[in-house]
Amino acid sequence: MVKIRGYKVSNLNDIVFSFKQEMSYFTDVPLPISILIILAASLCCINSHDGNFVFDDSEAIVNNKDVQSAPLLSIFENDFWGTKLSHKKSHKSYRPLTTLTFRFQYWLRGYLNAQDFHIVNITLHIIVSVLMLFVLNIILGRNNRKVSFYAAALFAAHPVHAEAVSGIVGRADLLCALFFWLSILFYNQCIFNTGMVWKSCSLCCCISCIAVAMFCKETGITAIGLCVILWIILGTFLMYTFSSSRSNDSRYVIMGFTFLIVPFLPASNIFFRVGFVIAERTLYIPSAGYCLLFAIGLEKLSNRWSSPKIFVSMYAMLILLFFTRSWVRSNEWKTETVLFNSAIRVCPLNAKVHYNVAKSAADLGNSTHAELEYKTALRLNPNYTQAMNNLGNLLKDRQQYIEAEKLFRRAVKLQEDFAAAWMNLGIVLSALKKHEEAEKCYLTALSHRTKYPDCYYNLGVLYLEVKRFGEALSAWKNATLQKEAHRRAWTNIVLLLDDLGRSREALSVANHALKIIPEDASMYFNIANILGKEGNFLDAEKYFKSAIARNPNNPMFYTNLGVLYHRWGKFDEANKMYNKALQINPNLQGAKENLRKLNSIRL
């Protein structure tokens, strides 16, 4: 016979009965009602269900090959953002199980649907919030179930969780919290179960949950420390130190601080430097400790009130206030434009915020606003190399090469291994006809980032301009080796081979490229042009039509098919193609001139 928290039990049935009795004991709020209230409070972020992929979602999901096309095993070889863990630029955040959930959702739908991802996050938050109630019930004991309810309800509606729930990358924190709570529940069963089989099973489940939590996010490892502190408090401290009711309050406070501090330690940079900055989502688990401490204070305060109804009403208003703030905040996470503009209102002197606004504006095509925000970011942080690079790109696209060159030079001076800035500097210098210096910049970029297909592509363009054709072909081939579906590199290889009179080789390369990029209309177009020049009109017509089927709005496709018909003697078909091209682009001079020549022949 053993004693478990005041209950004498002699067999497994008694253990189960006593556990159920503990879980159903509630001072003021019955368990079913408390669960319903917490569930309702945890819906505070439900309005984000139809949001987009925003902020870090782009890098972790949209642009991450591990989520869509890479071999499944690569998830366990790369960091959370899809970079090899061994790479010097790796974030070192190892969260393969979180990435695996993204991959699974992509596989189910067949494409990335942001709404699916948001719904899963909201569901996870609901489960975590309800589980927290059971965890606190175990930790605080049957005499403080009211405190557990206050803390769990506060946690469910707290606005600090808006980023973790509404930002899809917050899934890592949600999954970590889920298995964090489960590990504590299983650990509690391990402590109080009498049979060795059940103890062993519970311990194995606890260890498994800690491992899963750790592979969802690194902070999951802190569950070990928290369980140990729970091994200590419920044992030695409870027996020898906290024997009085007053001492129990100290025990609860210690547990609150444990929840608050221990899960936050990996993000604190105290013991080692981590790859992520302090963000609201890192507070998801630690906020449980804050909510517990707050609830303990509320409980003590309520004991001094003569009218409990007034206290309950004030607490309900607090939950409603938190719910409303969470609702408003989660709505700001629907689009990047709204998110970043809201950040400016809160942190107007933060360079990173202005950089994000600028990047979002540039993506939407508002280059004027983007330029203004990049300049503001640089005014606030003159050494912001990424802002220099992006502003330089805007100026480069406007052919303001001198100003762009200054920015790129500043960026590489401040950050010598900034491969993108070296490449962009090479593009600008090439445009300024400083070819030798541009080549050095491209090679420097490749020395800092060996896998850089776009840099090889631009290096090939430089070699083409200076008529170093063999080196141009070699550079473009390197681009296709590093990125098989590099359309522009494949196109340039085919065009250059054809210009060099190596049409058979050009056709061979083009047909190989079609196996890799079968829906690329331009490749069908290039093959058609080569076949047409060889007089193979029938096959050329077939490839022109294939190109048009894949891109029916390109006037050049119709113009060149018209030329084919013109040379073939099919004047009516040629006339139709020229007119079709002019319908799409009335100012297309080539189509106008060919149509004039055709009409003069027919007359």
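About the criteria used
- Residues numbered from 1 in each chain as written.
- Predicted model: local features only at pLDDT ≥ 70, side-chain atom pairs only at ≥ 80, totals over all residues.
- Heavy atoms only, no water.
- Helix = DSSP H or I, 4+ residues; strand = E, 2+ residues; numbered from the N terminus.
- Buried < 20%, exposed > 50% of the residue type's maximum accessible area, 1.4 Å probe, protein only.
- Contact = heavy atoms within 4.5 Å.
- Areas by Shrake-Rupley, 256 points an atom, 1.4 Å probe, with all protein chains shown as cover.
- Salt bridge = Lys/Arg side-chain N within 4 Å of Asp/Glu carboxyl O.
- Expected span 1.5 Å × (residues − 1).
- pLDDT = per-residue confidence, 0-100.
- Patch = residues over 30% accessible without salt bridge, like charges linked within 9 Å, V, L, I, M, F, W, Y side chains within 5 Å.
- Core = buried A, V, L, I, M, F, W, Y, C linked by side-chain atoms within 4.5 Å.
- Axes fitted to C-alpha atoms, helices over the stretch in contact; angles between N-to-C directions.
- Parallel < 35°, antiparallel > 145°, perpendicular 65-115°, else oblique.
- Left-handed = near helix turned anticlockwise from the far one by under 90°.
- Nonpolar A, V, L, I, M, F, W, Y, C, P; charged D, E, K, R; others polar.
- Phe/Tyr/Trp six-rings, centres within 6.5 Å; stacked < 30°, edge-to-face > 60°.

Describing the overall build of the protein chain
Scanning the protein chain from terminus to terminus reveals 30 helices and 2 strands. Burial analysis of the protein chain (603 residues in total) assigns 49% to the buried set. By sequence separation, contacts in the protein chain at least 24 residues apart represent 60% of the contacts at least 6 residues apart. Counting only carbon and sulfur atoms, one obtains 60% of the accessible surface of the protein chain, whose full area is about 29,200 Å².

A word on the pattern of salt bridges
Summed over the entire model, instances satisfying the criterion amount to 21 salt bridges. Linking Asp50 and Lys334 is a salt bridge whose minimum nitrogen-to-oxygen distance equals 3.2 Å. Taken as a pair, Asp50 in the loop between helix H2 (31-41) and helix H3 (57-62) and Lys334 in the loop between helix H14 (308-331) and helix H15 (336-346) lie far apart in primary sequence, 284 residues in all. For Asp50, a relative accessible area of 41% gives the class partly exposed. Here Lys217 ties to Asp173 by a salt bridge, and the two come within 2.7 Å at their closest N and O atoms. Of the two residues, Lys217 sits in the loop between helix H10 (196-216) and helix H11 (222-241) while Asp173 sits in helix H9 (residues 171-192), which places them 44 residues apart along the sequence. Lys217 gets classed as buried once you look at its relative accessible area, which sits at 2%. In this structure, a network of salt bridges that share partners links the residues Glu405, Arg409, Lys434 and Glu437.

Observations concerning helix H26 (residues 521-533)
One turn of an α-helix holds 3.6 residues; hence residues three or four places apart share an orientation. A rise of 1.5 Å per residue sets the reference length of H26, with its 13 residues, at 18 Å; its end C-alpha atoms lie 19 Å apart and thus fit the reference within 8%. In terms of burial, H26 is a largely internal element, 10 of the 13 residues being buried. All buried positions along H26 are accounted for by Ala521, Met523, Tyr524, Phe525, Asn526, Ile527, Ala528, Ile530, Leu531 and Gly532. Buried residues along H26 sit in contact with helix H24 (487-499), helix H25 (503-516), helix H27 (537-550) and helix H28 (555-568).

Some thoughts on the confidence of the model for the protein chain
Across the protein chain, the average pLDDT comes to 83, with 83% of residues at 70 or higher. This stretch, residues 1-27, has a pLDDT under 50; its non-local contacts, to residues over four places away or in other chains, come to 46 contacts. Note on residues 237-247: pLDDT is under 50 here. Beyond four places in sequence and across chains, it has 13 contacts.

Here's the deal with unusual backbone geometry
With a phi angle near 55°, Phe55 is a residue other than glycine that sits in the positive phi range. Within the secondary structure layout, Phe55 lies in the loop between H2 and H3. At Lys467, a position not held by glycine, the phi torsion is positive, near 65°.

Details of a nonpolar patch on the surface
Side chains of Ile46, Trp327 and Val328 sit close together on the surface and give an oily, nonpolar patch of about 250 Å² of accessible area. Within the secondary structure, Trp327 sits in helix H14. The partly exposed category is assigned to Trp327, whose relative accessible area is 37%.

So, the nonpolar core
Within the largest apolar cluster, 86 residues are counted, with the highest numbers of intra-cluster contacts made by Tyr374, Tyr452, Trp476 and Met523. In contact with Trp476, not counting residues within four places along its chain, are Tyr456, Tyr457, Gly460, Val461, Leu464, Ala489, Asn492, Ile493 and Leu496. By size, the runner-up hydrophobic cluster in this structure holds 55 residues, among which are Cys44, Leu140, Leu154 and Ile296.

Observations regarding the side chain of Asn594
Along the chain, Asn594 turns up in helix H30 (residues 589-602). If sequence neighbours within four positions are ignored, Asn594 has contacts with Thr559, Val563, His566 and Tyr578.

Section: the packing of helix H21 (residues 435-448) against helix H22 (residues 453-465)
Look at H21 against H22: their axes get within 10 Å of each other, and the N-to-C directions meet at 160°. Classified by the angle their axes make, H21 and H22 are roughly antiparallel. Here the hand of the crossing between H21 and H22 comes out left-handed. Of H22, the residues touching H21 (which contributes His435, Ala438, Glu439, Tyr442, Leu443, Ala445 and Leu446) are Cys455, Tyr456, Asn458, Leu459, Leu462, Tyr463 and Glu465. Across the contact of H21 with H22, the residue classes tally to 10 nonpolar, 2 polar and 2 charged.

Points about the environment of Lys545
Summarising the element assignment, Lys545 is placed in helix H27. C-alpha of Lys545 to C-alpha of Ala528: the two residues are 17 residues apart in sequence and 9.1 Å apart in space.

Points about the packing of aromatic side chains
Given two aromatic rings, one states the distance between the centres and the angle between the planes to describe the pair. A full pass over the atoms with the stated rule returns 21 aromatic pairs. Ring plane angle 50° and centroid distance 6.1 Å describe the contact between Phe149 and Tyr150, whose orientation is recorded as tilted. Judged by its relative accessible area of 6%, Phe149 falls in the buried class. Relative to Tyr543, the ring of Tyr524 lies with its centre 6.0 Å away and its plane at 35°, an arrangement referred to as tilted. With Tyr524 in helix H26 and Tyr543 in helix H27, this pair connects stretches of sequence that are 19 residues apart. On the basis of relative accessibility, which here comes to 11%, the residue Tyr524 falls in the buried class. You can call Tyr543 buried: its relative accessible area is 18%. Linked through ring pairs, Phe53, Phe80, Trp81, Phe102 and Phe117 together constitute an aromatic cluster.

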